[in-house]
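Each chain, letter by letter, is given below.
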Amino acid sequence: MKVIGLIGKVVVGIMATALLVAVILLGWFWFGDWQSRAVRDVEFVHETILAHHPGAVDPENPDFLVRMDDALAHALPLARSARSPSDHRAALDAYTDVFADGHLTVATIADAPGVISRATANRDQMSGTAGVDISGNSAWITISSFNERTAPIASITQSIEARAGTLRSLDRIVFDLRGNGGGDSAFGTRIARALWTAEVYRDWVPVSAGGVDWRATADNAAHVHGIAEKHASRGRSEAAQSWTRLAERLDAAVAAGEDYARQNFRTREITRTLESPVSADVIVITDDACASSCLNFMDELLALPGVLHVGEETSSDTQYIDVRYVNLPSRVGRLFIPLKVYRDRRRPPGGTYVPQIAADASSLDAASLEALTRSQ
């Protein structure tokens, strides 16, 4: 018994010591030198953008470097006076806000955990979880993201591909994109091609741009290699091969000391003469969260026949897109940075889509959508 009691005292002592150490570390972390952290992180953001962002070497956007200098001039004074996590975040925001680009941003511990948009909350409450819901002669397709890490977009896409014939013959198809901030554009393209067929898609949807230039750096190339490996591990051989070719092109550009690796898009003749196989009325709902790959999907949907846009005006993006992230030196946040720049894109930087029927997107459900479209 004495031995057991002694062991208990030792365990309690160890736990008390561990708790004390944790409290000390937490106090150091929370009340530590936020000024030094903020200054170091702001300078790191500046240096990383200069080293890896396509805009820093973009001959078509010479003002980008001027904006970088302006951003640094805005952010450093705030960083030098930082005393808390929120001050640290404010300094970083002062830098990235200059670019007005949702793809160039930071996320830190100052971001409130578990915060979701009003639109996302209402969408999940009114329309159910993401997926394909067929009821009677209508389908409600909720796509909250094109990002596989945050939404079941792969299974949604496969479901649409498998049930395309059924979907086409319904009275109504609703694409609910509320809260969708983007992800992988390939899923949107697969959905459009499956529903309207590849032939009609090619006849109606123009190529989005002349091509893209990928900023050629070793770190960017390594990121693209990682994407190729991810697709290969999931059995997507075609996507893996495509990303591998791009990664090798980036490797070659880095070795040659070039700023960019060029990726040209094939043009095609658009005649819009093929008849749509979709007899259903197609409605797409957006709110102001729609950006990035969500906008790319809108490019495709609104080029196809018989699609009605309802809800709120979308967000916008710039010509710089496709992001990766890097950890900040302070280890309390991440910088998200674009990797490529569109050339001759049809939708201009800052371009949005304004719905044909404007409505408070957060309040839309099947019944209210029916009443709204009947009244027009």
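Please refer to the structure higher up on the page.
Residues numbered from 1 in each chain as written. Predicted model: local features only at pLDDT ≥ 70, side-chain atom pairs only at ≥ 80, totals over all residues. Heavy atoms only, no water.

**Structural notes on the side chain of Thr217**
Which entries qualify depends on this criterion: Helix and strand assignments follow DSSP, with helices taken as H or I runs no shorter than four residues and strands as E runs no shorter than two, numbered in order from the N terminus. Identification of polar contacts relies on pairs of N or O atoms within 3.5 Å, with a donor-acceptor requirement for protein atoms, meaning one able to donate a hydrogen and the other able to accept it, and with residues adjacent in sequence counted only if both atoms are side-chain atoms.
Residue placement: Thr217 occurs in the loop between strand E5 (211–215) and helix H10 (218–233). Looking at Thr217, its side chain comes within polar contact range of the side chain of His52, at 2.8 Å. Polar side-chain contacts of Thr217 include one of 3.1 Å to the backbone nitrogen of Asn220.

**Comments concerning helix H6 (residues 153–162)**
Given 3.6 residues per turn, any residue in an α-helix points the same way as the ones three and four places further on. Worth spelling out the cut-off: Only protein chains enter the calculation, and the probe is 1.4 Å; a residue is then buried if its accessible area is under 20% of its type maximum, exposed if over 50%, and partly exposed in between. Pairs of residues are marked as contacts when any of their non-hydrogen atoms sit within 4.5 Å.
Residues of H6 that are buried include every one of Ile153, Ala154, Ile156, Thr157, Ser159 and Ile160, and no others. Looking at the buried side of H6, the elements it contacts are strand E2 (131–135), strand E3 (138–142), helix H7 (164–168), strand E4 (172–176) and helix H8 (185–196).

**So, the nonpolar core**
We apply this condition: Here, the term nonpolar core denotes a set of buried Ala, Val, Leu, Ile, Met, Phe, Trp, Tyr and Cys residues that are joined through side-chain atoms within 4.5 Å.
Counting 36 residues, the largest nonpolar core has Ile143, Ile173, Phe175 and Trp196 as the members making the most contacts within it. Only E3, H6, E4, H8, helix H9 (198–204), strand E7 (281–286) and helix H12 (293–301) provide two or more residues apiece to this core. When sequence neighbours within four positions are dropped, the list of residues in contact with Ile143 reads Ile153, Ile156, Phe175, Asp176, Leu177, Asn180 and Ile191. Counting residues in each nonpolar core, the second largest holds 27 residues, with Ala38, Val39, Phe99 and Val106 among its members.

**Focus on the sheet that holds E7**
Heads up, the condition is: Strand pairing is assigned whenever DSSP detects at least two bridges linking the two strands. An axis is simply a line fitted to the C-alpha atoms; with a helix, the fit covers only the stretch in contact. Between two such axes, the angle follows the N-to-C directions and lies from 0 to 180 degrees.
Read from one edge of the open sheet, six strands run E2-E3-E4-E7-E8-E11, paired in mixed fashion. Every other strand in the sheet has two partners, leaving E2 and strand E11 (357–358) as the edge strands with one partner each. In this sheet, E3 lies alongside E2 in antiparallel orientation, the contact comprising five bridges. Residue pairing across strands places Asp133 opposite Trp140, the latter belonging to E3. Those strands touched by H6 are E2, E3 and E4, and its axis lies near 40° from that of E2. Each of E4, E7 and strand E8 (307–311) touches H12; the most contacted strand, E7, lies at about 155° to it.

**Description of unusual backbone geometry**
Residues other than glycine seldom take positive phi values, yet Ala100 does so here, at roughly 45°. Relative to the helices and strands, Ala100 is located in the loop between helix H4 (85–96) and strand E1 (105–108). On the accessibility criterion, Ala100 (63% relative accessible area) is exposed.

**Overview of the side chain of Arg215**
Note the threshold: In summary, the charge assignment counts Lys and Arg as positive and Asp and Glu as negative, without counting His or the chain termini. What makes a salt bridge here is a side-chain nitrogen of Lys or Arg within 4 Å of a carboxyl oxygen of Asp or Glu, nothing more.
Looking at where Arg215 falls in the secondary structure, it is placed in strand E5. Of the side chains with opposite charge, Asp259 comes closest to the buried, unpaired Arg215, at an N-O distance of 5.2 Å. Reaching out from Arg215, the side chain makes a polar contact with the backbone oxygen of His53 at a distance of 2.6 Å.

**A closer look at the state of the cysteines**
Inclusion rule: Disulfides are defined as cysteine sulfur pairs within 2.5 Å.
This model, assessed by the stated rule, comprises one disulfide. Across a sulfur-sulfur distance of 2.1 Å, Cys290 and Cys294 are joined as a disulfide pair. In this structure, the disulfide formed by Cys290 and Cys294 twists by about -105° around the S-S bond and is classed as left-handed. The exposure classification of Cys290 matches that of Cys294, with both residues buried.

**Describing the layout of surface pockets**
Note the cut-off: The method works on a 1 Å grid over the protein atoms by themselves. A cavity is a set of points holding a 1.4 Å probe that cannot get out, a pocket is an open set with protein on both sides within 12 Å along at least five of seven lines, and residues with an atom within 4 Å of a point line them. Grid points are joined across faces, edges and corners, and a volume is the space filled by probe spheres set on the points. Charged residues are taken to be Asp, Glu, Lys and Arg, nonpolar residues to be Ala, Val, Leu, Ile, Met, Phe, Trp, Tyr, Cys and Pro, and polar residues to be all remaining types, Gly included.
Volume-wise, the second largest pocket comes out at about 150 Å³. In terms of lining, the second largest pocket is formed by Asp133, Ser135, Ser138, Trp140, Arg172, Val174, Ala366, Leu369 and Glu370. Those elements giving two or more residues to the lining of the second largest pocket turn out to be E2, E3, E4 and helix H13 (366–374). The element best represented in the lining of the second largest pocket is H13, accounting for three residues. Within the lining of the second largest pocket, the residues separate by chemical class into four nonpolar, two polar and three charged.

**Some points on the pattern of salt bridges**
A side chain with one charge may pair with a side chain of the opposite charge, provided their charged atoms come close. Overall, the coordinates contain 15 salt bridges when judged by the stated rule. Arg172 is the salt-bridge partner of Glu370, the closest N and O atoms lying 3.0 Å from each other. Linking Glu370 in helix H13 with Arg172 in strand E4, this pair joins segments that are 198 residues apart in sequence. By relative accessible area, which is 28% here, Glu370 ends up partly exposed. Arg172 sits in the buried class, given a relative accessible area of 14%. Note that Lys340 is salt-bridged to Asp322, the shortest N-O span being 2.7 Å.

**Observations regarding the pairing of strand E9 (residues 320–327)**
Within a regular strand, the side chains alternate between the two sheet faces. Where E9 and strand E10 (residues 333–343) come together, seven bridges link them in antiparallel fashion. Note that in E10 the partner of Ile321 across the bridge is Lys340. In sequence, E9 turns back onto E10 through a hairpin of five residues, with Arg331 there showing a positive phi of about 65°.

**Regarding the environment of Ala100**
As a C-alpha pair, Ala100 and Gly350 span 250 residues in sequence and 9.2 Å in three-dimensional space. Once you skip the residues sitting within four places of it in the chain, Ala100 turns out to touch Arg67 and Thr318.

**A closer look at the packing of aromatic side chains**
Spelled out, the test is: Stacked, tilted and edge-to-face pairs are distinguished by plane angle, under 30 degrees for stacked and over 60 for edge-to-face with tilted covering the rest, among Phe, Tyr and Trp rings (Trp via its six-membered ring) whose centres lie within 6.5 Å. The rule for a charge over a ring is simple: NZ of Lys or CZ of Arg within 6 Å of the ring centre, and within 35 degrees of the ring normal.
Under the definition given, this model contains seven aromatic pairs. Aromatic pair Tyr95 and Phe99: ring centres 5.9 Å apart, planes at 35°, arrangement tilted. Since its relative accessible area comes to 5%, Phe99 is described here as buried. Plain terms: the ring middles of Phe146 and Phe297 are 5.4 Å apart, the flat faces sit at 70° to each other, and that makes the pair edge-to-face. Pair noted here: Phe146 is in the loop between E3 and H6 and Phe297 is in helix H12, with a separation of 151 residues, a long-range link. The buried category is assigned to Phe146, whose relative accessible area is 1%. An aromatic cluster is defined as three or more aromatic residues linked by ring pairs; in this entry it consists of Phe64, Tyr95, Phe99 and Tyr320. The cationic tip of Arg37 hangs over the ring face of Trp34; the distance from NZ or CZ to the ring centre is 4.3 Å.

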